[in-house]
Every structure is written in C-alpha cells, then in structure tokens.
Amino acid sequence: PAATNILDLEAATLQDRSLKEMVTPAPSTIQDKFLSELYQLVSRQNEESTQISPYLSHRIISENQIIELTISYITIAPSGHRNTLVVLRDATDDATLTNLRNELTSNLSFALKTQMTAVKGYVDLLASGKVDHPDTQKEFIRIIKANSDKITDLVQNFMIIMEIDAGLIDIETK
C-alpha cells in the first residue's frame, strides 16, 4: 500500500511484477521516469553490490515529490537465490519542513538584527553625551524600549515555535 501511495499507481500495477516489467522504453510520466531511475539504480547496485556495499541509499527528486529509497539484497537459503528489497519513503514533507525552518530562522535572524541595530544606535547616541535635550533623550529611551519589547516578543514566539516543533506543546487545528 505504501508503494502505491508513493508511486501513485494501482496495487494491481505493482503486484507480482518485476521492476523490469514496469519500466517503459520512453518514460513520459513522472511515475515512468521514477520507475526508470529506480530500475537503473537497482541494476547498477546489483552489479556493484558485492564490490562496494550490500545496500544503497538514494534520494530521487521529482517536480513535486522527494522519495528516499534503500536498496538491499536478500539471499534466500538454501537455493542461494538473491532478491532485491527496495524500501521507499516519501520525504517530501520532511524537505518542506526543513525549508520552512530555514526560512523562519532567516526571517527571525533578520528581524532580530534590525531591532538590535536600532537599539544599539540609540544607546550609542545616548552614551556619547551628544544628546542634551531631555525630550530627545526621553524619545530615544522610548524607542529603545519599544525595540526591546519587539525583541522580547520575537524570542518568546520563537521559543513557542521550538516547543511546538519538539512536541512539548500540542496545538489544535480546526
């Protein structure tokens, strides 16, 4: 059932058929291209398995899907006949989550850097002693406080996201 979902093929198409039988000479669909690449990997690994390694891990990336596969060989005693075992795993969601995490980290880093630069600039001006007017000093302190509050909010929100990601907080979706 998992292979039917990953490959988007009917079970009858996969059942009792070798991989070689399913490969088309001129692959046109995404599934055909995937099966062709998979067949090439299995064939190459079959030739090299005794020389290099008894298994192979590989990632196949299509337009909208990332499939991780492991190819391994099983020898059935006493005949010594060798079968190929292919384990498929859809890693698309993992890659999407990784991209979202990277984007979140980048955005958070930019937002923190922006707020910290503003705070540092106003603190440096106040520390230089060049701002004598009390109203201007109060305005700078108000701006520093507002930016510090934004930094605190960013860090607190990031901590909540990290706790959700770690499974420490349950969220309810509707």
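Residues numbered from 1 in each chain as written. Predicted model: local features only at pLDDT ≥ 70, side-chain atom pairs only at ≥ 80, totals over all residues. Heavy atoms only, no water.

## Digging into the overall build of the chain
Then, number 1: Per the secondary structure count, the chain includes six helices and three strands.
Then, number 2: Traced from its N-terminal end to its C-terminal end, the chain shows the element sequence α-α-α-α-β-β-β-α-α.
Then, number 3: Principal-axis analysis of the C-alpha atoms places the extent of the chain at approximately 90 × 45 × 35 Å.
Then, number 4: Counting every position in the chain, which comprises 174 residues, the buried fraction comes to 21%.
Then, number 5: A sequence separation of at least 24 residues applies to 39% of the contacts in the chain between residues at least 6 apart.
Then, number 6: For the chain, the centre of its 16 positive side-chain charges and the centre of its 24 negative side-chain charges are spaced 7 Å apart. (Helix = DSSP H or I, 4+ residues; strand = E, 2+ residues; numbered from the N terminus. Buried < 20%, exposed > 50% of the residue type's maximum accessible area, 1.4 Å probe, protein only. Contact = heavy atoms within 4.5 Å. Lys, Arg positive; Asp, Glu negative; His and termini not counted. Charge placed at Lys NZ, Arg CZ, Asp CG, Glu CD.)

## A word on the nonpolar core
Most often, soluble globular proteins have nonpolar side chains that are buried together.
Then, number 1: Ranked by size, the top nonpolar core spans 17 residues in total, and within it Phe 34, Leu 69, Ile 71 and Leu 88 carry the most contacts.
Then, number 2: Put simply, the parts of the chain that give this core at least two residues each are helix H1 (2–7), helix H3 (19–22), helix H4 (30–48), strand S1 (55–61) and strand S2 (66–76).
Then, number 3: By residue number, the principal contributor to this core is H4, which donates five residues. (Core = buried A, V, L, I, M, F, W, Y, C linked by side-chain atoms within 4.5 Å.)

## Quick word on the environment of Asp 94
Then, number 1: Relative to the assigned elements, Asp 94 resides in helix H5 (residues 92–128).
Then, number 2: Remark: the alpha-carbon pair of Asp 94 and Gly 80, spanning 14 residues in sequence, is separated by 38 Å.
Then, number 3: Looking at Asp 94, its side chain comes within polar contact range of the side chain of Arg 89, at 2.8 Å. (Polar contact = N/O pair within 3.5 Å; in protein donor to acceptor, adjacent residues only side chain to side chain.)

## So, the confidence of the model for the chain
Then, number 1: Confidence in the prediction of the chain, expressed as mean pLDDT, is 81, and 91% of residues score 70 or more.
Then, number 2: Within the chain, no element has a lower average pLDDT than H1, which sits at 74, and none a higher one than helix H6 (residues 134–165), at 92. (pLDDT = per-residue confidence, 0-100.)

## Let's talk about a nonpolar patch on the surface
Then, number 1: A cluster of nonpolar side chains, contributed by Ile 74, Ile 76, Leu 85 and Val 87, occupies part of the molecular surface with about 310 Å² of accessible area.
Then, number 2: For the nonpolar patch, the elements supplying multiple residues, two or more each, are S2 and strand S3 (81–90).
Then, number 3: Secondary-structure assignment places Leu 85 in strand S3. (Patch = residues over 30% accessible without salt bridge, like charges linked within 9 Å, V, L, I, M, F, W, Y side chains within 5 Å. Areas by Shrake-Rupley, 256 points an atom, 1.4 Å probe, with all protein chains shown as cover. Salt bridge = Lys/Arg side-chain N within 4 Å of Asp/Glu carboxyl O.)

## A closer look at the side chain of Thr 92
Then, number 1: With respect to the element layout, Thr 92 can be found in helix H5.
Then, number 2: Sequence-distant contacts of Thr 92, defined by excluding residues within four places in its chain, comprise Asn 64, Gln 65 and Ile 66.

## Examining H6
Then, number 1: Over its 32 residues, H6 extends 46 Å from the first C-alpha to the last, a length consistent with the 46 Å expected when each residue adds 1.5 Å.
Then, number 2: Every buried residue of H6 is listed here: Phe 140, Ile 143, Ile 144, Asn 147 and Ile 151.
Then, number 3: Looking one or two residues beyond H6, the residue adopting positive phi is Gly 167, at roughly 80 degrees. (Expected span 1.5 Å × (residues − 1).)

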